[in-house]
Amino acid sequence: MRVIGFILKLLLKIVVAPVILALTLFVWLCAGLVYLSGLVLGLVSTFFALCGVFMLIVGPHQNGIIALILAFLISPCGLPMAAIWLLGKVQDLKFVIQDLVYE
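Since we're looking at a predicted model, the values are computed, not measured.

Attention now moves to the overall build of the chain. When helices and strands are counted, the chain shows three helices and zero strands. Of the regular secondary structure in the chain, the N- to C-terminal order runs α-α-α. A globule of 103 residues ought to have a C-alpha radius of gyration of about 13 Å, yet the chain, at 23 Å, is considerably larger. Reported as C-alpha extents along the three principal axes, the dimensions of the chain are approximately 80 × 20 × 15 Å. Counting contacts in the chain only where the partners sit at least 6 residues apart, residues at least 24 apart contribute 66% of the total. Accessible area for the chain stands at about 7,700 Å²; split by element, carbon and sulfur atoms hold 82% of it.

So this is what it looks like as structure tokens:
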């Protein structure tokens, strides 16, 4: 019985290894994309923030408020932070699978 259990556990490790590799590569790729998009979106959010402040002072206040909300959403504290949180959850899933199979 111990031999059968050993073989089944070995087969499970072999089957799960590509899944763990795929999740690892996915997290690395997405982390790089989030980093690069954070750089670009940081510049764009600065532009939106400056435009929003200018519109609050000079132009229609409603457009200024909308521009400031958009600047916050695309800033590193907005949507990129949500993407980082989601990547953390995917990485947690990978670690749970690793702990269950490779204990």
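Moving on: helix α2 (residues 61–74). Between its terminal C-alpha atoms α2 stretches 20 Å, which fits the 20 Å expected from 14 residues at 1.5 Å a residue. Among all positions of α2, only Gly64, Ala67, Ala71 and Ile74 are buried. Looking straight down α2, one finds that the buried residues subtend no more than 100° of arc, so they occupy a single side. Against the buried residues of α2 lie α1 (2–57) and α3 (79–101).

As a further point, take the UniProt feature "transmembrane region" (unreviewed entry) in the chain. Per the UniProt entry, the sites bearing "transmembrane region" (unreviewed entry) are residues 7–29, 35–58 and 65–87 in this numbering. Here residues 7–29 runs as 100% helix and 0% strand, with 34 Å between its end C-alpha atoms. Here residues 35–58 is 96% helix and 0% strand, with 34 Å between the C-alpha atoms at its ends.

Here Gly88 is to be found in helix α3. Relative accessible area serves as the criterion here: at 25%, Gly88 is assigned to the partly exposed category. Residues Gly88 and Cys51, spaced 37 residues apart in sequence, show a C-alpha to C-alpha distance of 33 Å.

Okay, α3 next. For α3, with 23 residues, the first-to-last C-alpha span of 33 Å sits near the 33 Å given by 1.5 Å per residue. When α3 is considered as a whole, its buried residues turn out to be Pro80, Leu87, Val90, Lys94 and Val101. Those residues of α3 that are buried lie in contact with α1 and α2.

Moving on to the packing of α1 against α3. When two helices pack together, their arrangement is captured by the angle between the axes and the distance separating the axes. Relative to each other, α1 and α3 sit at 165°, their axes nearing to 10 Å. Considering the angle they form, α1 stands roughly antiparallel to α3. The two elements α1 and α3 cross, and the hand of that crossing is left-handed. Classifying every residue of the contact of α1 with α3 by side-chain character gives 17 nonpolar, three polar and three charged.

Quick notes on the rules
Residues numbered from 1 in each chain as written. Predicted model: local features only at pLDDT ≥ 70, side-chain atom pairs only at ≥ 80, totals over all residues. Heavy atoms only, no water. Helix = DSSP H or I, 4+ residues; strand = E, 2+ residues; numbered from the N terminus. Rg over C-alpha atoms; globule rule 2.2 N^0.38 Å. Contact = heavy atoms within 4.5 Å. Areas by Shrake-Rupley, 256 points an atom, 1.4 Å probe, with all protein chains shown as cover. Expected span 1.5 Å × (residues − 1). Buried < 20%, exposed > 50% of the residue type's maximum accessible area, 1.4 Å probe, protein only. Arc of directions from axis to C-beta. UniProt positions renumbered as here; feature names shortened; annotations may be inferred. Axes fitted to C-alpha atoms, helices over the stretch in contact; angles between N-to-C directions. Parallel < 35°, antiparallel > 145°, perpendicular 65-115°, else oblique. Left-handed = near helix turned anticlockwise from the far one by under 90°. Nonpolar A, V, L, I, M, F, W, Y, C, P; charged D, E, K, R; others polar.

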